[in-house]
Amino acid sequence: MFSKGTKRKFSDGGEEISEEGLVGARVASSYSLQRQSLLDMSLIKLQLCHMLVEPNLCRSVLIANTVRQIQEEMTHDGSWHMVTEAFCNAGQSPSERLVATEVLCRSREQDAEPKVFSVISYEGCREEEVVADETLCSVSVRDTVSNVYLAGRMGQCWEKNELSGIERDEEVLEDSRLGSGEDEEINTEDEASTEGPKTIGQVFGTFEIKNGSPGPDSALEELFSDVDTSYYDLDTMLTGMQSAPKMGPYDLLDSLGPSHGSPSIVSTPNCRSDLNELDHIMEIIVGS
Amino acid sequence: MEEESDSRKINNSFLRDHNYATEADIISTVEFNSTGELLATGDKGGRVVVFQREQESKNQPHRRGEYNVYSTFQSHEPEFDYLKSLEIEEKINKIRWLPQQNAAYFLLSTNDKTVKLWKISERDKRPEGYNLKDEDGRIRDPSTITSLRVPVLQPMDLMVEAMPRRVFSNAHTYHINSISVNSDYETFMSTDDLRINLWNLEITNRSFNIVDIKPANMEELTEVITAAEFHPHQCNTFVYSSSKGSIRLCDMRASALCDNHSKFFEEPEDPSNRSFFSEIISSISDVKFSHSGRYLMTRDYLTVKVWDLNMESKPLETYQVHDYLRSKLCSLYENDCIFDKFECVWNGSDSVIMTGSYNNFFRMFDRNTKRDVTLEASRENSKPRAILKPRKVCVGGKRRKDEISVDSLDFSKKILHTAWHPYENIIAVAATNNLYIFQDKVN
């Protein structure tokens with residue numbers, strides 16, 4: 001996307017661009033590329049935050065607000081629609097997409113949570129969201145292993161929604177992240193079983209599953225290797241602005257992990273976080 | 001504003017190999033007590049090191065008031081929350097001294113979840129001549145006790161003891177970022193990302209929630225509390241700052257739950273500087289009342305601002321700490337430096353303010369003369385007892401001698417924590433695992 005030395009200027013406001021004269025189009029396209037890479041970077045950061053049981057809340061909130069801001073601007077100038085369209089056509093057979101769409105729709109209908117993070121104000125919003133969700137899978141999948149993982153993760157996302165639907169009590173809700181380990185068991189075939197409304201008993205059942213499940217560490221490693229490469233790709237893509245000392249991909253992961261580096265602290269990749277919002281953002285817009 | 005680096009650099013790693021600094025040695029907070037006699041540091045390893053100022057001696061005038069290690073203790077240990085399957089770091093986030101009321105000293109230290117009250121006291125005598133036990137503390141056989149004697153206190157080498165007196169736990173779901181002792185000396189507050197709790201210093205099993213900004217639905221969360229502090233004289237007044245760049249002043253007399261502020265300090269955004277990073281760089285990392293209680297100082301990523309308590313619409317003064325970073329925000333976002341939490345401090349007379357920057361640089365701003373200076377805390381570039389040379393960062397164009405270009409700044413060497421003696425010109429600057437103490441030139 002970016003060649004080395006590409007001038008990056010984020011301080012330009014979107015409005016200014018439309019007022020640019022002859023070079024306007026070129027500037028605008030480079031601006032949107034920059035904005036896109038900023039969005040990518042933010043989403044990766046969010047995803048890494050999201051893996052921690054207790055991310056730095058201030059940082060997560062600021063990054064999420066940045067994503068929201070970029071999204072708003074992209075929605076405003078229509079590029080958001082283009083992004084989702086592009087993903088829609090990116091190497092996915094229509095039939096596959098259709099199946100997933102149906103599944104996602106159903107699960108979404110079930111959780112009655114207010115949709116804070118509406119993608120765009122257009123009709124058939126749900127369908128577009130689904131496309132984006134589908135993209136989340138199709139784009140980030142790198143191998144079959146992570147494919148299984150990601151599918152599991154999605155199942156778990158719906159689970160969360162259901163959980164939060166049940167547990168209005170805040171403290172219980174916070175504790176419910178305990179149940180997050182279960183998604184190792186869930187793969188695409190199991191989705192149907194996760195869709196039914198859960199009783200509290202079932203929620204507790206997940207605790208047991210978690211305890212008995214094979215160690216999350218292997219899944220974690222795979223996940224990290226996946227993130228590594230993607231971050232690295234992004235990194236090379238962004239070489240236009242490497243003047244400041246920067247962290248290597250591994251440093252970044254190190255710094256995100258708790259200081260003592262025991263794998264258990266990082267917890268399962270799909271652990272429950274208080275920020276349901278981040279879930280939604282990830283569901284909706286990852287994949288660019 | 002030239003300072004002499006009087007005290008030699010006190011390396012916190014005295015406990016271990018001098019050249020081997022671990023993550024645990026990184027200093028995470030610095031605080032003078034109310035007389036300035038003691039200086040406490042906390043580190044990522046959960047230790048607290050207290051330094052005491054040496055008595056002045058006539059025959060060594062250059063050793064005026066050096067700070068030496070007085071006591072070292074492990075304040076917090078790493079813990080594991082089994083319910084949440086979560087490790088609680090031992091890192092000391094803040095230290096606050098209580099005003100001294102007897103021979104002993106008391107301080108509060110906190111990590112992410114738990115506040116502890118420590119008593120630091122001296123002992124230079126020990127009782128000798130017990131009847132029922134011998135000198136080693138073993139119980140004596142009663143049949144051998146044939147006479148009674150009066151135990152006596154014998155002088156011994158000075159021993160400094162640190163003992164935990166209270167543990168204030170289980171009140172915070174999120175990470176504690178601030179603690180502040182009230183001017184009534186009976187209560188203190190602890191602040192996490194979404195809530196502020198009020199404690200009585202004597203009562204550990206109960207606290208009162210005085211601010212709660214947690215939305216019912218966490219998806220709606222867009223703002224967090226970043227710091228909070230009590231007014232230095234009015235025990236009912238406190239302020240807290242937010243990640244959106246605003247400061248709220250609350251009056252506890254108004255209601256038990258201070259969700260409604262009495263004053264709201266916020267500066268409208270400058271449209272010419274608008275970018276995707278506007279909100280991140282306006283997030284307030286520290287808020288401090290002036291000693292007089294008339295002003296507030298806030299630090300955001302690029303500036304430090306002084307507010308008059310009587311003017312909410314805009315700050316009285318704005319000082320640029322490192323404006324040359326404005327063009328580097330994207331890189332700083334990428335390497336996460338943009339989320340660094342710089343603190344700020346007042347001098348004793350509220351006329352000078354100090355805050356940190358990168359490359360081991362720290363900045364001082366004289367509010368009266370409007371002069372500012374950039375100084376460097378580094379072992380390589382300043383020798384003990386040498387006068388600190390002002391440093392200059394050059395922005396673009398030609399770099400002059402003695403200047404450092406923006407591109408060669410070391411962003412891993414950041415000065416986040418500094419402290420100023422309550423009434424003398426002595427400052428303590430924490431640069432990763434080193435503590436530097438500078439003071440005014442000795443005449």
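The residue numbers shown here count from 1 along each chain, following its written sequence. The order in which chains are written sets their letters, starting at A; the order in which ligands are written sets their numbers, starting at 1. Thresholds applied to this predicted model are a pLDDT of at least 70 for local features of residues and 80 or more for the giving and counting of side-chain atom pairs; totals over whole chains, interfaces and linings are not thresholded and use all residues. Here the side-chain values reflect all heavy atoms present in the structure, with hydrogen atoms and water set aside.

(A) Spatial organisation of the overall build of chain B. Counting its regular elements, chain B contains two helices and 33 strands. Accessible area is worked out with a 1.4 Å probe on protein chains only. A residue is then buried under 20% of its type maximum, exposed over 50%, and partly exposed in between. For chain B, the proportion of its 443 residues judged to be buried stands at 55%. To measure how exposed things are, a 1.4 Å probe is used in the Shrake-Rupley method; for residues, cover is taken only from the protein chains shown. Accessible area of chain B: about 19,900 Å², with a carbon and sulfur share of 48%. Working definition: helices are DSSP H or I runs of at least four residues, strands are E runs of at least two. Numbering for both runs from the N terminus.

(B) View of the overall build of chain A. If you tally the helices and strands in chain A, you get 14 helices and zero strands. Along chain A, from the amino end to the carboxyl end, the secondary structure elements read α-α-α-α-α-α-α-α-α-α-α-α-α-α. Split into buried and exposed, the 288 residues of chain A put 54% on the buried side. We call two residues in contact when some of their heavy atoms are within 4.5 Å. Looking at chain A alone, contacts between residues at least 24 apart form 81% of all its contacts between residues at least 6 apart. Accessible surface for chain A amounts to roughly 12,700 Å². Of this, 57% is attributable to carbon and sulfur atoms.

(C) Structural context of the pattern of salt bridges. Salt bridges, as used here, are contacts in which a Lys or Arg side-chain nitrogen is within 4 Å of a carboxyl oxygen on Asp or Glu. Under the counting rule described, the total for this entry stands at 31 salt bridges over all chains. Here R59 of chain A and D336 of chain B are joined by a salt bridge, their closest N and O atoms 2.7 Å apart. One end of the pair, R59 of chain A, is in helix α3 (residues 57-77); the other, D336 of chain B, is in the loop between α2 (329-334) and β25 (344-346), on a second chain. The residue D372 of chain B makes a salt bridge to R363 of chain B at a minimum N-O spacing of 2.7 Å. With relative accessibility at 42%, the residue D372 of chain B sits in the partly exposed group. What makes R363 of chain B buried here is its relative accessible area of 10%. Salt bridges linked by common partners bring R35, E73 and D77 of chain A together as one network.

(D) Seen up close, the confidence of the model for chain B. Residue and element names in this part refer to chain B. pLDDT expresses how confident the predictor is about each individual residue, on a scale running from 0 to 100. The predicted model of chain B has a mean per-residue pLDDT of 90, with 93% of residues at 70 or higher. The least confident element of chain B is strand β2 (residues 10-11), whose mean pLDDT is 41; the most confident is strand β21 (residues 286-289), at 98. Low pLDDT, under 50, characterises residues 1-19; the stretch is placed with 75 contacts to residues that sit more than four places away or in other chains. Model confidence for the complex is summarised by a pTM of 0.67, with the ipTM given as 0.88.

(E) Up close: the packing of aromatic side chains. All names here are of chain B. To pair, rings of Phe, Tyr and Trp, with the six-membered ring standing in for Trp, must have centres within 6.5 Å; the planes then decide the type, stacked if under 30 degrees apart, edge-to-face if over 60, and tilted in the middle. Following the criterion strictly, the structure yields 19 aromatic pairs over all chains and no others. A ring pair is formed by F32 and Y67, whose centres lie 5.9 Å apart and whose planes are at 70°; its orientation type is edge-to-face. With F32 in strand β3 (residues 27-32) and Y67 in strand β6 (residues 67-74), the pair connects residues that are 35 residues apart, well separated along the chain. What makes F32 buried here is its relative accessible area of 7%. For Y67, a relative accessible area of 2% puts it in the buried group. Ring plane angle 5° and centroid distance 6.1 Å describe the contact between F188 and W199, whose orientation is recorded as stacked. Here F188 is found in strand β14 (residues 187-192), whereas its partner W199 is found in strand β15 (residues 195-200), with 11 residues between them in sequence. One aromatic cluster in this structure is built from Y301, F342, Y358 and F411. Charge over a ring is defined by NZ of Lys or CZ of Arg lying within 6 Å of the ring centre and within 35 degrees of the ring normal. If you follow K133 out to its NZ or CZ, it ends over the ring of Y130, 4.9 Å from the centre.

(F) Spatial organisation of the sheet that holds strand β24 (residues 317-320) of chain B. Residues and elements named next belong to chain B. Ordered in space as β21-β22-β23-β24, the four strands form an open sheet in which the pairing is antiparallel. Since the sheet does not close on itself, it has two edges, and those belong to β21 and β24, each with one partner. Strand-to-strand twist across the sheet, computed as the mean angle between neighbouring axes with direction ignored, equals 15°. Strand pairing is defined by DSSP finding a minimum of two bridges between the two strands. Structural elements are reduced to axes, namely lines fitted to C-alpha atoms, with helices fitted over the stretch in contact, and the angle between N-to-C directions of any two is expressed from 0 to 180 degrees.

(G) Expanded view of the sheet that holds strand β13 (residues 176-181) of chain B. Residues and elements named next belong to chain B. Here we have four strands laid out as an open sheet, ordered β13-β14-β15-β16, and antiparallel in their pairing. The open sheet terminates on both sides in strands that have one partner only, identified here as β13 and β16 (207-212). Here the strands of the sheet are splayed against their neighbours by 20° on average, with no regard to which way each runs. Where β15 meets β16, five bridges bridge the pair, whose relative direction is antiparallel. The residue of β16 that forms the bridge with R195 is D212.

(H) Local environment of unusual backbone geometry. All names here are of chain B. For S85, which is not glycine, the phi dihedral falls at a positive 55°. By secondary structure assignment, the location of S85 is in the loop between β7 (79-81) and β8 (86-88). Look at N360: it is not a glycine, yet its phi comes out positive at around 60°.

(I) Molecular detail of the side chain of S357 of chain B. Residues and elements named next belong to chain B. Examined against the element boundaries, S357 turns out to sit in the loop between β26 (352-356) and β27 (361-366). Among the residues examined, S357 registers a relative accessible area of 2% and is labelled buried. A polar contact is formed between the side chain of S357 and the side chain of H322, at a distance of 2.8 Å. The contact partners of S357, leaving out residues within four places of it in the chain, are V321, H322, Y324, F342, F362, K413, K414 and I415. Under this definition, polar contacts are N or O atom pairs within 3.5 Å; protein pairs additionally need one hydrogen-donor-capable and one acceptor-capable atom, and for neighbouring residues in sequence, both atoms have to be side-chain atoms.

(J) Highlighting α3 of chain A. Residues and elements named next belong to chain A. Given a rise of 1.5 Å per residue, 21 residues ought to cover 30 Å, and the 30 Å separating the end C-alpha atoms of α3 matches this to within 8%. Most of α3 is tucked away, with 17 of its 21 residues classed as buried. For α3, the side-chain oxygen to backbone nitrogen distance between the N-cap and C58 is 3.2 Å, and the N-cap itself is N56. The positive-phi residue at the C-terminal boundary of α3 is G78, with phi of around 85°. What a helix should span is 1.5 Å times the count of its residues minus one.

(K) Fine view of the environment of V50 of chain B. All names here are of chain B. Relative to the helices and strands, V50 is located in strand β5 (residues 47-53). A residue is classified by how much of its surface remains accessible, and V50, at 0% relative accessible area, is buried. Through-space distance from the C-alpha of V50 to that of V69 is 6.0 Å; in sequence the pair is 19 residues apart. When neighbours within four sequence positions are excluded, V50 is seen to be in contact with L38, L39, A40, N68, V69, Y70, S71, F73, W97, L107 and I120.

(L) Up close: the pairing of strand β17 (residues 225-230) of chain B. All names here are of chain B. In terms of residue burial, β17 counts as a mostly covered element, since six of its six residues are buried. With five bridges connecting them, β17 and strand β18 (residues 237-242) associate as antiparallel partners. Across the sheet, E229 pairs through a bridge with V239, a residue of β18. Between β17 and β18, which follow one another and run antiparallel, lie six residues.

(M) View of the nonpolar core. Side-chain atoms within 4.5 Å are what join buried Ala, Val, Leu, Ile, Met, Phe, Trp, Tyr and Cys residues into a set we call a nonpolar core. Counting 45 residues, the largest nonpolar core has F277, Y301, L325, L332, Y333, I338 and L409 of chain B as the members making the most contacts within it. Looking at this core, the elements with two or more residues in it are α2 (24-51) and α3 of chain A together with α1 (278-282) and α2 of chain B. If you tally residues by element for this core, the top one is α3 of chain A, at nine residues. Excluding anything up to four places from it in sequence, Y301 of chain B contacts I281, S283, H322, L325, L329, L332, C337, I338, D340, F342 and Y358 of chain B. Formed by 16 residues, the second largest nonpolar core is a distinct cluster that contains M354, V373, I427 and V429 of chain B.

(N) Region of the structure containing the confidence of the model for chain A. All names here are of chain A. When pLDDT is averaged along chain A, the result is 49, and 19% of the positions lie at 70 or above. Of all the helices and strands in chain A, helix α5 (residues 94-110) carries the lowest mean pLDDT, 32, while α3 carries the highest, 92. Counting contacts from residues 1-20, a segment whose pLDDT is below 50, to residues more than four positions away or on other chains yields 39 contacts. In this model residues 87-275 is a low-confidence stretch, pLDDT under 50, and it forms 271 contacts with partners more than four residues away in sequence or in other chains.

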